[in-house]
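# A closer look at the structure
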Amino acid sequence: APGKAPAKEKKSRRSARKKREPRAPREKKVRVPKVLPEGFEQSSKSQRAIRRISDFIVSYGWSVPIVVLSAYGTYFDPTYFFLIGILLMGFNLGFMPYSTGRTVGNWVSRTTYVNSSSGKPHQSYVFLKGLTMPMVLLGLILFLTSTSEGFGSRSGQITLVTAVVFLLPPLLDYLFYRFKRDDLGLWDTLYGGVWMVKTTKSTESKGWLKKLEQLGDYSEAQGWWADDDSKEEPGDQ
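Report follows, based on the coordinates. Just so it is clear, the model here is predicted, and its values are computed rather than measured. (Residues numbered from 1 in each chain as written. Predicted model: local features only at pLDDT ≥ 70, side-chain atom pairs only at ≥ 80, totals over all residues. Heavy atoms only, no water.)

## Quick look at the pattern of salt bridges
Counted only if it meets this: When a carboxyl oxygen of Asp or Glu lies within 4 Å of a side-chain nitrogen of Lys or Arg, that pair is called a salt bridge. Numbering of helices and strands starts at the N terminus; helices are DSSP runs of H or I of at least 4 residues and strands are runs of E of at least 2.
For the structure shown, the criterion picks out 4 salt bridges. One salt bridge in this structure joins E41 and K198, with 3.2 Å as the shortest N-O distance. Residue E41 is found in the loop between α1 (5-19) and α2 (45-60), and its partner K198 is found in strand β2 (residues 194-198); the two are separated by 157 residues along the sequence.

## Remarks on the nonpolar core
The cut-off we apply is this: Buried residues of nine kinds, namely Ala, Val, Leu, Ile, Met, Phe, Trp, Tyr and Cys, make up a nonpolar core once their side-chain atoms join them within 4.5 Å. Throughout, exposure labels follow a simple rule: accessible area from a 1.4 Å probe, protein chains only, divided by the maximum for the residue type, with under 20% read as buried, over 50% as exposed, and the rest as partly exposed. Any pair of residues with heavy atoms lying within 4.5 Å of one another is described as a contacting pair.
Counting residues in hydrophobic clusters, the biggest one holds 8 residues: Y60, W62, I66, F76, M89, L93, L131 and M135. Beyond its immediate stretch of four places on either side in the chain, M135 contacts V165, F166, L167, P169 and P170.

## What to know about helix α8 (residues 154-179)
As a reminder of what qualifies: A helix is expected to reach a length of 1.5 Å times the quantity of its residues less one.
Relative to the 38 Å expected for 26 residues at 1.5 Å per residue, α8 spans 36 Å between its end C-alpha atoms, a close match to the ideal helical length. Looking only at α8, the buried set comprises G156, T159, A163, P169, P170, D173 and Y177. Buried positions along α8 lie against α6 (123-130), α7 (132-149) and α9 (186-190).

## Things to note about the packing of aromatic side chains
Note the cut-off: Stacked, tilted and edge-to-face pairs are distinguished by plane angle, under 30 degrees for stacked and over 60 for edge-to-face with tilted covering the rest, among Phe, Tyr and Trp rings (Trp via its six-membered ring) whose centres lie within 6.5 Å.
One pass over the structure, following the stated rule, counts 5 aromatic pairs. The interplanar angle of 65° and the centroid separation of 5.7 Å between the aromatic rings of W62 and F82 together place this pair among those described as edge-to-face. On the criterion of sequence distance, the pair formed by W62 in the loop between α2 and α3 (63-71) and F82 in helix α4 (residues 79-100) is long-range, its members being 20 residues apart. Given the relative accessible area of 15%, W62 is considered buried. Ring centres of F91 and F95 lie 5.9 Å apart, and the angle between their planes is 20°; on these two criteria the pair is classed as stacked. Taken together, the residues span about one helical turn, with F91 and F95 both in helix α4 at a distance of 4 residues. Accessibility expressed as a relative area gives 29% for F91, which makes it partly exposed.

## Remarks on a nonpolar patch on the surface
Note the threshold: Each patch is built from residues lacking any salt bridge and having more than 30% relative accessible area; the joining distance is 9 Å for like charges and 5 Å for nonpolar side chains (Val, Leu, Ile, Met, Phe, Trp, Tyr). Surface accessibility in these figures is a Shrake-Rupley result with a 1.4 Å probe; residues are shielded only by whichever protein chains are displayed.
Taken together, the side chains of V164, L168, L171, L172, Y174, L175 and F179 present a nonpolar region at the surface, about 640 Å² in accessible area. Turning to its location among the elements, F179 is positioned in helix α8.

In short, shape yes, function no, at least from these values alone.
Given below as structure tokens:
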């Protein structure tokens, strides 16, 4: 009968589906550990220390007078300090990585960053790593504020959540360095593997960049790079 044709078609489709061969299981992709590319040498502990101190002076040195004056109870208007500080932070963590791929501290310590593809990581990598200190300070201040307001209040809960948001990335970064086998921190891992390595003196640097190179010559001449132990410690990069 003409009305039974659709039922037969449905049965034939079902039988065709049953006859299909089962799909082969997908092969699991083996994750290759990120390693320092050939031709590069990790920076020494001394170079990393010089880089950290130099970048702190440029990016956050302006905050020291504010802390000292506040500790003595001196009344002053910190607006100009903050404006200058924002400009210095933007210069060292934004302009310098964008234009040269290195911070002032990298130039003074004669180091640079390299990823697993033997190239420079995106400039946002240097910017995010450089925000560790302000994120920790803001997180601690907000946490202390939330405790004074009380966790039971709405404002205290919001302040606590904001504090956790600021403190979580630096905490994860520390834990990554501490417990991961590849010695890569949070930002190093998110950017596909990044290392701070030794670099040679640039022959093309001119003007104020050449002055930074001369500071690198001075630190090297003082023997501050004598430590050849390049094993990373938590947060060294």
